[in-house]
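Here are the chains, one letter per residue:
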Amino acid sequence: EEHLQTARDEIGRLDSILKQFLHAVRPSSPRRERGCLHAILHDSLKLLQPELESRGIAVELHLEEDLPLLEIDPGQFQQAFYNLLRNAYQALSGDEGRIILRSRSTDYEIELSIEDNGTGISPEHMGAIFEPYRTTKSSGSGLGLLIVRRIVREHGGEISIESEEGEGTRVTIHLPRQQRSVRLLEATEPVIDLE
């Protein structure tokens, strides 16, 4: 029964991947609900556990206790974490592969980072990292990071990437604790008087 449910969940996730692939550059509205980033992260790790174990990759968790809940789309964030975790383990080679997951909160935002000790990203590739269909992988689509950034931005956040060739990469998601709304100023009077 548990395996059947896992298969159903995976089919649903794959359906979601196909929809997101087709709409990678077209914005969509998140279906927000109050949720915990850690729970979504653990679900993503569970899906990738067989691949991580078969490659002998160690996963270290340094997650802040009692992380505040956020108004987020769980399906979108599971996709974002899945993409980032896959990128991390695909950058690893040898027996010493390690992925470190950290989270922390401030009065204003929540940060969640995924760090690996893999091959890193060259400066030439860093400049084009969010360009669609640009990839260094033989079987990659070049949409993974673009989708992650779109998801994060649709939730009012931002993504930052630090990398050093031969040392590894750290991707950090910054999310506001309160939902940001865009307020437009009314154009009642001209800002500059031309007279």
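Residues numbered from 1 in each chain as written. Predicted model: local features only at pLDDT ≥ 70, side-chain atom pairs only at ≥ 80, totals over all residues. Heavy atoms only, no water.

Considering the side chain of Ser44
Using the following cut-off: Secondary structure follows DSSP: runs of H or I at least 4 residues long count as helices, runs of E at least 2 residues long count as strands, and numbering of each begins at the N terminus. The classification of residues rests on relative accessible area computed with a 1.4 Å probe and restricted to protein chains. Under 20% of the type maximum is buried, over 50% is exposed, and intermediate values are partly exposed. In what follows, a contact means two residues having at least one pair of non-hydrogen atoms within 4.5 Å.
Tracing the backbone shows Ser44 in helix α2 (residues 37-54). For Ser44, a relative accessible area of 0% translates into the label buried. When residues no more than four places from it in sequence are discounted, the contact partners of Ser44 are Gln78, Phe81, Tyr82 and Leu85.

Concerning the sheet that holds strand β4 (residues 98-105)
Cut-off, in case you're wondering: For two strands to be treated as a pair, DSSP must find at least two bridges joining them. To obtain each axis, a line is fitted to C-alpha atoms, and for helices this fit is confined to the stretch in contact; angles are then taken between N-to-C directions over 0 to 180 degrees.
The mixed open sheet is built from 5 strands, whose spatial order is β2-β4-β5-β7-β6. At either margin of the open sheet sits one strand with a lone partner, and together these are β2 (58-62) and β6 (158-164). Strand-to-strand twist of the sheet, defined as the mean angle between neighbouring strand axes without regard to direction, takes the value 15 degrees. Across 7 bridges, the pairing between β4 and strand β5 (residues 109-116) is antiparallel. Residue Arg102 lies in a different strand from β5, and its bridge partner there is Ser113. Contacts from helix α3 (residues 74-90) reach β4, β5 and β7 (168-176), with the element oriented near 30 degrees to β5. Contacting β6 and β7, helix α5 (residues 144-154) crosses the sheet at an angle of about 140 degrees to β6.

Some thoughts on the pairing of β7
Among the 9 residues in β7, 7 count as buried, and that is most of the element. The sheet contact formed by β5 and β7 spans 8 bridges and is antiparallel. In the sheet register, Ser113 faces β7, and the bridge partner there is Thr172. One ladder, built from 7 bridges, connects β6 with β7; its direction is antiparallel. Along β7, the bridge assignment pairs Ser160 with Thr172. Remark: 3 residues form the turn of the hairpin made by β6 and β7, two consecutive strands paired antiparallel; Gly166 in that turn has positive phi of roughly 80 degrees.

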